[in-house]
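# Analysis of the macromolecular model
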There are 2 protein chains.
Amino acid sequence: MNITAKIFALVALLSCLPALAGAPKGTPPKSKDTPSVAQVLSESKGSEWRRPDPENLLVMRLSSGRVVMELDPVYAPLHVANIRTLVREHYFDGLAIVRVQDDFVAQWDDPDADDGGDRQRIRSLGEAKATLPPEFTRPIGGSLPWVRLPDGDLYAPEVGFSDDFPAARDPAAHETWLVHCYGTLAVARDNPPDSGNGSALYVAIGQAPRRLDRNLTVVGRVVAGMENLSALPRGHGPLGFYAHPQERTPILDIRVAADLPRAQRPNIEILRTDSPTFRRLLEVTRNRHDAFYVTPPGKVDICAVAAPVRDVP
Amino acid sequence: MNITAKIFALVALLSCLPALAGAPKGTPPKSKDTPSVAQVLSESKGSEWRRPDPENLLVMRLSSGRVVMELDPVYAPLHVANIRTLVREHYFDGLAIVRVQDDFVAQWDDPDADDGGDRQRIRSLGEAKATLPPEFTRPIGGSLPWVRLPDGDLYAPEVGFSDDFPAARDPAAHETWLVHCYGTLAVARDNPPDSGNGSALYVAIGQAPRRLDRNLTVVGRVVAGMENLSALPRGHGPLGFYAHPQERTPILDIRVAADLPRAQRPNIEILRTDSPTFRRLLEVTRNRHDAFYVTPPGKVDICAVAAPVRDVP
């Protein structure tokens, strides 16, 4: 294994790539086999990767490490702007992960507030808004990027990637939305659809909770440090909230990467889903022919593949 | 909330039910709403629940607690028999969780052995077999229970439940198999399809790895204590294996429940998937109408719903 392959193998482990990773017993590829994910990635071109805009990267510090999230201002412009404002007003610093429900979500919030955060405090901070119109779906615009997956979907007429986020479309209704996959970041809310404001956020940590699609505002996805959420102790109160305050994981702070000193910014690249390498990845995932696989799956679910993330030196 | 509802709510949290549990912000149901899962379960009849055969229950003890798994001897008779034998020969006691790959699997094995366990030691123990024919699929028999899900599937012609395990069917090929969902228990192996023997086992801990269906022998599912696997620290060696031996989680022991003193046996019941209450659960999952949901999903994926498990006093 040369050094490039090693870097890619490492990145595959550290990034959002596990859904593409090897079978439960890893076996080295043979020459006539379908190439491995690491092999395909090692043959990619630099131009197929993009460096996320630091204005769209959130960095949450927990004592166990950092969680890096990419925001999507195209699908949820109002919520993304409000989250950035809340971050810059230091709303989240000192709050906590208050809920970890197995096979469902990890969620953070003001532990002393009602659902939707402490609205009075939010208003007192200055710019951030305490209520926002929902952004569950948006119109299909002509300029929206769309990389359609070929295999169909149970929940939506079409699925694919838009700006490398997993998404769905209903062409008849001219609507599109980001979908809930493992690692999806979205806005918790109360009953009224406009009761979310971005001060309470959750990340999906189990089987894709697709039933939430079009019912909550998805704002992005985790692109690094997912295990700092997914491996947290589960809560044993109702709905996976922690029963005792001391069980919560404190949030040291959340910052917009653009506001961090350059040396502290996440140094990552994301494989463009409209690139030939991503198409190749999809194909090797759909049609594995190697010493291990007896029956290639032939299909790939929208939540069974994610845009790979790599650390750059 | 009366005491019965409380018991059910508690059970919903402790069991394999989170996929059915509430939206990220919990909201009490209103009278005209689709009833909640807890409500539907509280109205079930005792006869709709079954007590699993203690010969089919494995109890793995970790320092953090117990993981209870139900084996399915109908789909994988040879592997289930071999696993029981290995357990009764105390093969697993003192071994370890050697691999936890985020969004993929938690796996246990003999840390000092090659893939497929220590075959020499397995043979030396007496009855257990070191190699077995694969049981990736089995013929559709006339007497096999089958509760078909109505919404289709991306990976298989038909999906549903067989003896309350998530399963798929290809009627044209007269084949059926258990599928990989969150919590599925299956047999790790080397490249040769007959190289698995049940001494190395894994549990799916992320998005359903359906590409493994028909490529590995599924032997059952976790029915209690899932978080003792899913919340383990992730491994940072290749494929999520722990890079350092001291990171592994030791297995204190694994026992067949039938061999435990009665007071130590898991006291659980599983809702029959051919019961009216389970059909009602499916329906409330597919078509939610309440104060929270704006757009009912209308569909349910085979891995988005599981047979509920409850503790019995």
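Residues numbered from 1 in each chain as written. Chains lettered and ligands numbered in written order. Predicted model: local features only at pLDDT ≥ 70, side-chain atom pairs only at ≥ 80, totals over all residues. Heavy atoms only, no water.

Here we come to the sheet that holds strand β13 (residues 217–224) of chain A. Residues and elements named next belong to chain A. Pairing is antiparallel in the open sheet, where 9 strands are placed in the order β14-β4-β5-β12-β11-β13-β3-β2-β15. Two strands in the sheet have a free side with no partner beyond their single neighbour: β14 (249–250) and β15 (253–256). Pairing analysis gives 3 bridges linking strand β11 (residues 184–187) to strand β12 (residues 201–204), with the strands arranged antiparallel. Looking across to β12, one finds that A186 is bridged to Y202. On the sheet, helix α3 (residues 77–88) packs against β2 (57–62), β3 (65–71), β11, β12, β13 and β15 and is oriented at approximately 120° with respect to β15. (Pairing = 2+ DSSP bridges. Helix = DSSP H or I, 4+ residues; strand = E, 2+ residues; numbered from the N terminus. Contact = heavy atoms within 4.5 Å. Axes fitted to C-alpha atoms, helices over the stretch in contact; angles between N-to-C directions.)

All names here are of chain B. On the basis of which strands lie adjacent, the open sheet formed by 5 strands has the order β6-β10-β9-β8-β7 and antiparallel pairing. In the strand order of this sheet, the two ends are held by β6 (138–139) and β7 (147–148), each with one partner. As paired elements, strand β9 (residues 165–170) and strand β10 (residues 175–178) share 4 bridges and run antiparallel to each other. When the bridges of β10 are listed, A168 appears paired with W177.

Further remarks concern the pattern of salt bridges. All names here are of chain A. Overall, the coordinates contain 36 salt bridges over all chains when judged by the stated rule. A salt bridge links R50 to D164, with the nearest nitrogen and oxygen atoms 2.5 Å apart. With a gap of 114 residues between them, R50 in strand β1 (residues 49–50) and D164 in the loop between β8 (158–162) and β9 (165–170) connect regions that are remote in the sequence. Just as R50 is buried, D164 falls in that class too. Taken together, the shared-partner salt bridges in this structure form one network comprising E55, R84, R88 and D259. (Salt bridge = Lys/Arg side-chain N within 4 Å of Asp/Glu carboxyl O. Buried < 20%, exposed > 50% of the residue type's maximum accessible area, 1.4 Å probe, protein only.)

This model, assessed by the stated rule, comprises 6 aromatic pairs over all chains. Summarising the aromatic geometry, the rings of F292(A) and Y293(A) are spaced 5.7 Å apart at their centres and angled 70° between planes, so their arrangement reads as edge-to-face. Here Y293(A) falls in the buried class, since its relative accessible area comes to 9%. Its guanidinium or amino end placed over the ring of Y75(B), R138(B) lies 6.0 Å from that ring's centre, counting from NZ or CZ. Lying across the ring of F292(A), R189(B) places its NZ or CZ 3.8 Å from the centre. (Phe/Tyr/Trp six-rings, centres within 6.5 Å; stacked < 30°, edge-to-face > 60°. Lys NZ or Arg CZ within 6 Å of the ring centre and 35° of its normal.)

Turning our attention to the state of the cysteines. Residue and element names in this part refer to chain A. With the rule as written, the count across this model stands at 2 disulfides over all chains. Sulfur-sulfur distance for the disulfide between C181 and C303 comes to 2.0 Å. On the S-S bond that ties C181 to C303, the torsion sits near -75°, and the link is left-handed. Of this pair, C181 sits in the loop between β10 (175–178) and β11 while C303 sits in the loop between α6 (276–286) and β17 (309–311), and the two are 122 residues apart along the sequence. Judged by relative accessible area, C303 falls into the buried class, the value being 5%. (Disulfide = S-S within 2.5 Å.)

Residues and elements named next belong to chain B. Within β9, 6 of the 6 residues are buried, leaving the element largely enclosed by the surrounding structure. Residues of β9 alternate between two faces, with F165, A167 and R169 on one and P166, A168 and D170 on the opposite face, all of them buried. Pairing analysis gives 5 bridges linking strand β8 (residues 158–162) to β9, with the strands arranged antiparallel. From the neighbouring strand, G160 faces β9, where its bridge partner is A167.

As a further point, take the pairing of strand β16 (residues 268–271) of chain A. Residue and element names in this part refer to chain A. The side-chain alternation of β16 yields two buried faces, one formed by I268 and I270 and the other by E269 and L271. Pairing analysis gives 2 bridges linking β1 to β16, with the strands arranged antiparallel. From the neighbouring strand, W49 faces β16, where its bridge partner is L271. Both β16 and β17 contribute to a ladder of 3 bridges, which runs antiparallel. Bridging from a neighbouring strand, I268 pairs with D311 of β17.

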